[in-house]
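Okay, here's what each chain looks like letter by letter:
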Amino acid sequence: DAMVIQNPRYQVTQFGKPVTLSCSQTLNHNVMYWYQQKSSQAPKLLFHYYDKDFNNEADTPDNFQSRRPNTSFCFLDIRSPGLGDAAMYLCATSRELGSTDTQYFGPGTRLTVL
Amino acid sequence: DQQVKQNSPSLSVQEGRISILNCDYTNSMFDYFLWYKKYPAEGPTFLISISSIKDKNEDGRFTVFLNKSAKHLSLHIVPSQPGDSAVYFCAASPRLTGGGNKLTFGTGTQLKVEL
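Throughout this document, residue positions are counted from 1 along each chain, in the order its sequence is written. Here chains are named by letter from A upward and ligands by number from 1 upward, in the order in which they appear as written. Since the coordinates come from a predicted model, pLDDT governs what is reported: local features require at least 70, and pairs of side-chain atoms require 80 or more to be given and counted, while whole-chain, interface and lining totals use all residues. The basis for every side-chain value is the complete set of heavy atoms in the structure, and neither hydrogens nor water enter the calculation.

(A) Highlighting the interface of chain A and chain B. Each side of the interface is counted separately: chain A has 23 residues, and chain B has 19 residues. Buried area is calculated as the accessible area (1.4 Å probe) missing from two parts once they are joined, with the contributions of both summed. Where chain A abuts chain B, roughly 1,600 Å² becomes buried across the two surfaces, and 58% of that area is made up of carbon and sulfur atoms. Each salt bridge in this description consists of a side-chain nitrogen of Lys or Arg and a carboxyl oxygen of Asp or Glu lying within 4 Å of one another. Linking chain A to chain B there are one salt bridge. The partner of B:Lys102 in a salt bridge is A:Glu57, with the nearest N and O atoms 3.3 Å apart. N or O atoms closer than or at 3.5 Å make up a polar contact, with two conditions inside protein: a donor-capable atom paired with an acceptor-capable one, and, for residues adjacent in sequence, both atoms drawn from side chains. In this structure, the connection of chain A to chain B is made through three residue pairs in polar contact (both at pLDDT 80 or more). Runs of E in the DSSP output that reach at least two residues are strands. Runs of H or I that reach at least four are helices, and both are numbered from the N terminus. Elements represented by at least two residues in the side of chain A that touches chain B include exactly strand E4 (31-37) and strand E9 (87-94) of chain A. Sort the elements by how many residues they give to the side of chain A that touches chain B and E4(A) lands first, with three residues. Only Asp, Glu, Lys and Arg are considered charged, only Ala, Val, Leu, Ile, Met, Phe, Trp, Tyr, Cys and Pro nonpolar, and every remaining residue, Gly among them, polar. When grouped by side-chain class, the residues that make up the side of chain A that touches chain B number nine nonpolar, 10 polar and four charged. By definition, residues are in contact when any of their heavy atoms lie within 4.5 Å.

(B) Fine view of the sheet that holds strand E1 (residues 4-7) of chain A. All names here are of chain A. Strand pairing is assigned whenever DSSP identifies at least 2 bridges connecting the two strands. Spatial strand order, E1-E3-E8-E7: four strands in an open sheet with antiparallel pairing. Strands at the two margins of the open sheet, each flanked by one partner only, are E1 and strand E7 (64-67). Averaged over all pairs of adjacent strands, the angle between their axes in this sheet comes to 20°, without regard to strand direction. By the bridge criterion, four bridges tie E1 to strand E3 (residues 19-25) in an arrangement that is antiparallel. Residue Ile5 lies in a different strand from E3, and its bridge partner there is Ser24. Axes here refer to lines fitted to C-alpha atoms; in helices the fit is confined to the stretch in contact. Angles between the N-to-C directions go from 0 to 180 degrees.

Right, dumping it as structure tokens:
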């Protein structure tokens with residue numbers, strides 16, 4: 001009964017070739033998040049959507065874009081992946097934006113850039 | 001600059017003993033703290049949390065302690081079980097009004113509970 005689903009689990013792309021990662025949720029939560037976690041580092045928030053409102057973190061590179069066509073789905077687009085973008089990408093959801101609203105994570109997509 | 005620090009990348013404990021995982025933070029705006037647990041090939045799952053108005057929160061075998069003056073929190077697991085073997089992430093959230101549920105994570109501690 002997966003609640004936050006990420007596809008694919010493993011993605012290989014070539015340097016500079018656009019890639020899209022997918023996240024879907026069955027929780028009907030208002031908020032969806034994308035995190036980047038590089039090897040041995042902390043997960044780092046890239047951006048989040050509250051409903052259709054997009055909120056970018058100040059230090060998220062322009063190379064990263066996101067789309068949320070409906071409540072259930074959210075996509076992470078990497079326009080021109082570099083070697084430094086190889087990482088685990090985690091999607092999460094929360095019911096609301098309150099600091100006590102629990103975030104539920106998907107299993108992640110591991111991106112390899114050749 | 002790492003605002004949430006977990007200085008021990010790994011910890012090994014015998015089954016039945018206490019596991020103590022530590023976390024330090026630097027940002028005074030953090031007012032809500034969480035622990036997440038992560039098994040291989042799975043996403044992090046919420047374990048326990050504490051707000052800055054408390055200094056202790058207990059849930060079964062798991063207790064989180066918060067020392068605001070030292071900007072330090074710890075997770076105690078008693079008794080430790082082999083199924084507790086996982087990576088534990090400390091996370092913190094700032095005092096915001098409608099600004100978003102932004103979590104800042106530590107780098108994680110790999111706990112291994114041995115038989």
